[in-house]
Amino acid sequence: MNDKHKNLIKLAHQSIEEARKSVEDNHWSMNFHMAPPSYWMNDPNGFCYFNGEYHLFYQHHPFSPEWGPMYWGHAKSKDLSSWEHLPIALAPSENYDKDGCFSGSAIEKDGKLYLMYTGNVWTGNNHDTDLLQVQCLAVSQDGIHFEKISENPVIEQAPEGDIHPFHFRDPKVWKHEEVYYCVLGSRTKDHVGQVLLYRSLDLIKWDFINVAAKGEGNFGYMWECPDIFPLDDYDVLMMSPQGMKEEEYLYHNLHQSGYVLGKLDYEKGILEHGEFQLLDYGFDVYAPQTAIDEEGRRIMIAWMAMWESEMPEQSHKWAGAMTIPRVLTIEEGQIVSRPVPELKTLRQQGDSIGNKLILGEHRLQGFEGDSYELELVIDAKGANEFGIKLRVDEDQTEETVFTYNRSEGMFTFDRNKSGKGPKGVRRAPVNLVENKLHLHFFVDRSSIEVFINDGAKTMTGRIYPEKKSLGIMLFSDQEVEVTHLNKWNLNKSIKPYVCNEE
Ligand code: FRU
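The rules behind the values
- Residues numbered from 1 in each chain as written.
- Predicted model: local features only at pLDDT ≥ 70, side-chain atom pairs only at ≥ 80, totals over all residues.
- Heavy atoms only, no water.
- Near = heavy atom within 4 Å.
- Polar contact = N/O pair within 3.5 Å; in protein donor to acceptor, adjacent residues only side chain to side chain.
- Areas by Shrake-Rupley, 256 points an atom, 1.4 Å probe, with all protein chains shown as cover.
- Helix = DSSP H or I, 4+ residues; strand = E, 2+ residues; numbered from the N terminus.
- Expected span 1.5 Å × (residues − 1).
- Bend = angle between axes of the 7 residues up to and from the residue.
- Buried < 20%, exposed > 50% of the residue type's maximum accessible area, 1.4 Å probe, protein only.
- Contact = heavy atoms within 4.5 Å.
- Lys, Arg positive; Asp, Glu negative; His and termini not counted.
- Salt bridge = Lys/Arg side-chain N within 4 Å of Asp/Glu carboxyl O.
- Pairing = 2+ DSSP bridges.
- Axes fitted to C-alpha atoms, helices over the stretch in contact; angles between N-to-C directions.
- Domains from an automatic or database assignment.
- Buried area = accessible area lost by both parts, 1.4 Å probe.
- Nonpolar A, V, L, I, M, F, W, Y, C, P; charged D, E, K, R; others polar.

1. Some points on the site of the ligand
Phase 1 of the analysis: For the ligand, the set of nearby residues contains 13 residues, the closest of which are D43, Q59, R169, D170 and E224.
Phase 2 of the analysis: At a separation of 2.6 Å, an oxygen atom of the ligand approaches a polar side-chain atom of D170.
Phase 3 of the analysis: Take E224: an N or O atom from its side chain is 2.7 Å from an oxygen atom of the ligand.
Phase 4 of the analysis: Here the ligand, which alone exposes 320 Å², has 95% of that area covered by the protein.
Phase 5 of the analysis: Put simply, the parts of the chain that give the shell around the ligand at least two residues each are β1 (39–50), β5 (101–109), β9 (168–176) and β13 (222–231).

2. Thoughts on helix α1 (residues 3–24)
Phase 1 of the analysis: If you check α1, its first and last C-alpha atoms are 31 Å apart, about what 22 residues at 1.5 Å a residue would give, namely 32 Å.
Phase 2 of the analysis: The axis of α1 is deflected most strongly, by about 35 degrees, at E18.
Phase 3 of the analysis: Among the residues of α1, H5, I9, A12, H13, S15, I16, A19, R20 and V23 are the ones counted as buried.
Phase 4 of the analysis: Taken together, the buried residues of α1 touch β1, β2 (53–61), β3 (71–77), β4 (83–90), β8 (147–148) and β20 (318–319).
Phase 5 of the analysis: Put simply, N2 is the residue that caps the front of α1, since its side-chain oxygen is 3.1 Å from the backbone nitrogen of K4.

3. What about the side chain of E398?
Phase 1 of the analysis: Structurally, E398 can be placed in the loop between β25 (385–392) and β26 (400–405).
Phase 2 of the analysis: Although E398 is buried, it makes no salt bridge; K468 carries the closest opposite charge, 6.0 Å away.
Phase 3 of the analysis: A polar atom in the side chain of E398 sits 2.9 Å from the backbone nitrogen of E466.
Phase 4 of the analysis: When near neighbours in sequence (up to four residues on either side) are disregarded, E398 contacts R391, V392, D393, K417, S418, G419, P465, E466 and S469.

4. Topic: the environment of F475
Phase 1 of the analysis: Note on placement: F475 falls in strand β32 (residues 471–490).
Phase 2 of the analysis: When neighbours within four sequence positions are excluded, F475 is seen to be in contact with I358, G360, E361, F386, G387, I388, K389, V401, F402 and T403.

5. Quick notes on the sheet that holds strand β22 (residues 334–339)
Phase 1 of the analysis: Strand order across the open sheet formed by 4 strands is β18-β19-β21-β22, with antiparallel pairing between neighbours. At either end of the open sheet lies a strand with only one pairing partner, and these are β18 (286–292) and β22. Pairs of neighbouring strands in the sheet enclose a mean axial angle of 40 degrees, with direction left out of account.
Phase 2 of the analysis: Bridge count for strand β19 (residues 298–303) against strand β21 (residues 326–331) is 3 bridges, and the pairing is antiparallel. When the sheet's bridge partners are listed, M300 is paired in β21 with R326.

6. Details of the pattern of salt bridges
Phase 1 of the analysis: Tallying each qualifying case throughout the model produces 31 salt bridges.
Phase 2 of the analysis: A salt bridge links E224 to R169; the shortest N-O distance between them is 2.8 Å. Taken as a pair, E224 in strand β13 and R169 in strand β9 lie far apart in primary sequence, 55 residues in all. Each member of the pair, E224 as well as R169, is classed as buried.
Phase 3 of the analysis: Where E178 meets K175, a salt bridge forms, and the shortest distance between an N and an O atom there is 3.6 Å.
Phase 4 of the analysis: Classification of E178 as exposed rests on a relative accessible area of 62%.
Phase 5 of the analysis: Shared partners join several salt bridges into a network, and the residues in it are D293, E295, R297 and E342.

7. Quick look at the pairing of β25
Phase 1 of the analysis: The element β25 is extensively covered by neighbouring structure, given that 7 of its 8 residues are classed as buried.
Phase 2 of the analysis: Strand direction decides the pairing type here: β25 and β32, joined by 5 bridges, are antiparallel. In the strand pairing of β32, I388 is matched with L474.

8. A look at the domain arrangement of the protein chain
Phase 1 of the analysis: In terms of domains, the protein chain is made up of domain 1 (3–339) and domain 2 (347–490).
Phase 2 of the analysis: Relative placement of domain 1 and domain 2: their C-alpha centres are 31 Å apart.
Phase 3 of the analysis: Sorting the residues of domain 1 by area buried against domain 2 places H27, Y281 and F283 first, and these three jointly supply 25% of that buried surface.
Phase 4 of the analysis: In this structure, the connection of domain 1 to domain 2 is made through 4 salt bridges.
Phase 5 of the analysis: The shortest N-O distance in the salt bridge between R415 and D284 comes to 3.0 Å.
Phase 6 of the analysis: In this assembly, domain 1 and domain 2 are joined by 31 residue pairs in polar contact (both at pLDDT 80 or more).
Phase 7 of the analysis: Ranked by residue count, the leading element in the side of domain 1 that touches domain 2 is β22, at 6 residues.
Phase 8 of the analysis: Of the residues in the side of domain 1 that touches domain 2, the class split is 17 nonpolar, 13 polar and 6 charged.

If you want it as structure tokens, here you go:
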């Protein structure tokens, strides 16, 4: 590794170490979600399965809890449940990436692990217009220490055509029939989101094939972090469009993450596809990335935060976290996401309730917590509106409310009374199944993820309650029956990395 790169990484670790105690002492710090050891995190990068372990890299600014020149943080896991932080993999050390090693992906070739990422350089003060983005590679024998290759940048400029010359980033690379392909996030010259498809035989020389897909109508001005992968009988294009306008209950976040299902013609480089669908109906899922593992499962992880959102954890020297890993399948023309089953290994002894009738509001005594998994089935009987409140304090000044409304066919996640931080309500269209609602929550110290009706819909959000807001309450306008409810506290599962290098 060259000295400059090595030195930047060393300084970064010193900085991270100095702030780590502040993060550990903070009651919003994550227990079982991947989060930065300290300071800033955004997109998942290089998510892959390599030599029998899952590797997850991420956009990281190791010198402050705000976004800045990007490094790649790194962690690995044997089971997607317990994670171990590792040394920083990439630092912005070269002329072509001096203002940031932006998002990208990982692939194995000849037993080595390659990272493909965007080198970012600011050419002036306006971050929207004064930038130069190129695509680069770094390689590692051991999957831990990375060297940038001498041929960098491997893609030096955006192709000709109706393609914006500067906004050109986030390579996601994969192999199909012995050929490497990558997609890049892009926009047209007049700001319509699109993705570019490239092909390579060796990861070093890349040929542009085509604009694989392009927005039409309300589809944003830029597509960030594209990912194309086969699933079931489809090729899925997942991407994060910036700037979609609100439509009824949809697209209320600053930017969206979603997908289209289609078929990729590898020769022409065109993806014929259907309608855009959201991946998550909550507040805080962005820049998702997938990996395929040994069992052939397609696993997704996303940044559990949103650009320009208030992040109260910044005052405790950290910002951002990842969602739990989710297994994707396609059922009835939609992506269904379920928590990876390995998360069960984090369960402590559980508590449960069966066949309980609820009318009005009911507090579940003995079920308090701030880091748990909760699964319940509610038989709606004749009720129209019912639900559950989490992270509730004694006098209900704080509560995060999940409500099902049968006549509207909507499930809502309301964080207006969740505590500090961003507020708001998000809605997802949900149908009862045999008059029942199935909810599966993962609650960590500043987040809630809910999988509705076995992953048919998910909603994710960050919340910042007081330490003492630990209660759970059920409510209903008419009698409902909780046929079963199970809660397990979840173990802390993230191991820090302590840098001993001189
Ligand atoms: C998405 C993104 C990417 C970019 C990275 C920079 O959240 O804007 O397009 O590579 O973050 O940190």
